[in-house]
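Each chain, letter by letter, is given below.
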Amino acid sequence: TGHGVQIWPDGSRYEGEFANDRAEGQGRFLRPDGSIYEGGWSGGQAHGLGRFVHADSSMYIGQWVADTQQGEGAEQRANGVRYRGQFHGGVRNGHGRLVDGEGSAYEGSFFRG
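Residues numbered from 1 in each chain as written. Predicted model: local features only at pLDDT ≥ 70, side-chain atom pairs only at ≥ 80, totals over all residues. Heavy atoms only, no water.

Caption draft 1: A look at unusual backbone geometry. You will see that Asn20, though not glycine, has its phi angle at about 55 degrees, which is positive. Along the chain, Asn20 falls in the loop between β2 (13–19) and β3 (22–30). The phi dihedral of Asp67 falls on the positive side, at around 70 degrees, and the residue is not glycine. Among the structural elements, Asp67 can be located in the loop between β6 (59–65) and β7 (68–76). (Helix = DSSP H or I, 4+ residues; strand = E, 2+ residues; numbered from the N terminus.)

Caption draft 2: Structural detail: the pattern of salt bridges. This structure, assessed with the given rule, holds six salt bridges. The closest approach of N and O atoms between Arg28 and Glu15, which form a salt bridge, is 3.0 Å. With a gap of 13 residues between them, Arg28 in strand β3 and Glu15 in strand β2 connect regions that are remote in the sequence. Assessed through its relative accessible area of 29%, Arg28 is described here as partly exposed. Measuring nitrogen to oxygen at the nearest pair gives 3.0 Å for the salt bridge that ties Glu38 to Arg51. Placement of Glu38 in strand β4 (residues 36–42) and of Arg51 in strand β5 (residues 45–53) is noted, with a sequence separation of 13 residues between them. For Arg51, a relative accessible area of 36% puts it in the partly exposed group. (Salt bridge = Lys/Arg side-chain N within 4 Å of Asp/Glu carboxyl O. Buried < 20%, exposed > 50% of the residue type's maximum accessible area, 1.4 Å probe, protein only.)

Caption draft 3: Seen up close, the sheet that holds strand β8 (residues 82–88). Reading across the sheet, the ten strands line up as β1-β2-β3-β4-β5-β6-β7-β8-β9-β10 and stay open at both edges, with antiparallel pairing between neighbours. Of all strands in the sheet, those bounded by a partner on one side alone are β1 (2–7) and β10 (105–110). Adjacent strand axes in the sheet meet at a mean angle of 10 degrees when their direction is disregarded. (Pairing = 2+ DSSP bridges. Axes fitted to C-alpha atoms, helices over the stretch in contact; angles between N-to-C directions.)

Caption draft 4: Broad picture of the environment of Thr68. Relative to the helices and strands, Thr68 resides in strand β7. Aside from chain neighbours lying at most four places away, what touches Thr68 is Gln63, Gly89 and Gly90. (Contact = heavy atoms within 4.5 Å.)

Caption draft 5: Structural view of the packing of aromatic side chains. Counting across every chain of the model gives twelve aromatic pairs. Between the aromatic rings of Phe52 and Trp64, the centroid separation amounts to 6.5 Å while the plane-to-plane angle is 55 degrees, which identifies the pairing as tilted. Residue Phe52 is found in strand β5, and its partner Trp64 is found in strand β6; the two are separated by twelve residues along the sequence. Take Trp64: its relative accessible area is 8%, and that puts it in the buried class. Judged by centre distance (5.2 Å) and plane angle (85 degrees), the rings of Tyr83 and Phe87 are edge-to-face. Classification of Tyr83 as buried rests on a relative accessible area of 2%. Taking the ring centre of Tyr83 as reference, the NZ or CZ of Arg92 above it sits at 5.4 Å. (Phe/Tyr/Trp six-rings, centres within 6.5 Å; stacked < 30°, edge-to-face > 60°. Lys NZ or Arg CZ within 6 Å of the ring centre and 35° of its normal.)

Here it is, written out as structure tokens:
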């Protein structure tokens, strides 16, 4: 248990808390393409509340389970599309609100995206 840094051969880098040689607690993972995940970790996977910013500046903030967007969250894409609501298995699923790049909105149920 402690705090440290792990660097992979491809240049990926994890900075944060460790337990049993795995990311555990709070930390930040940086990928060579510039994308960053910052938040909770469990057993070496994104878990709990976290924020993922893609290289194109698209962003997801919300709940994660086993490296997957799961539960309540909000995403904003580089093209201006915004969604706030429920996710399951990494996709919009359940109740939510989607606003497209021109401002048109839909609020209701989403099923697998």
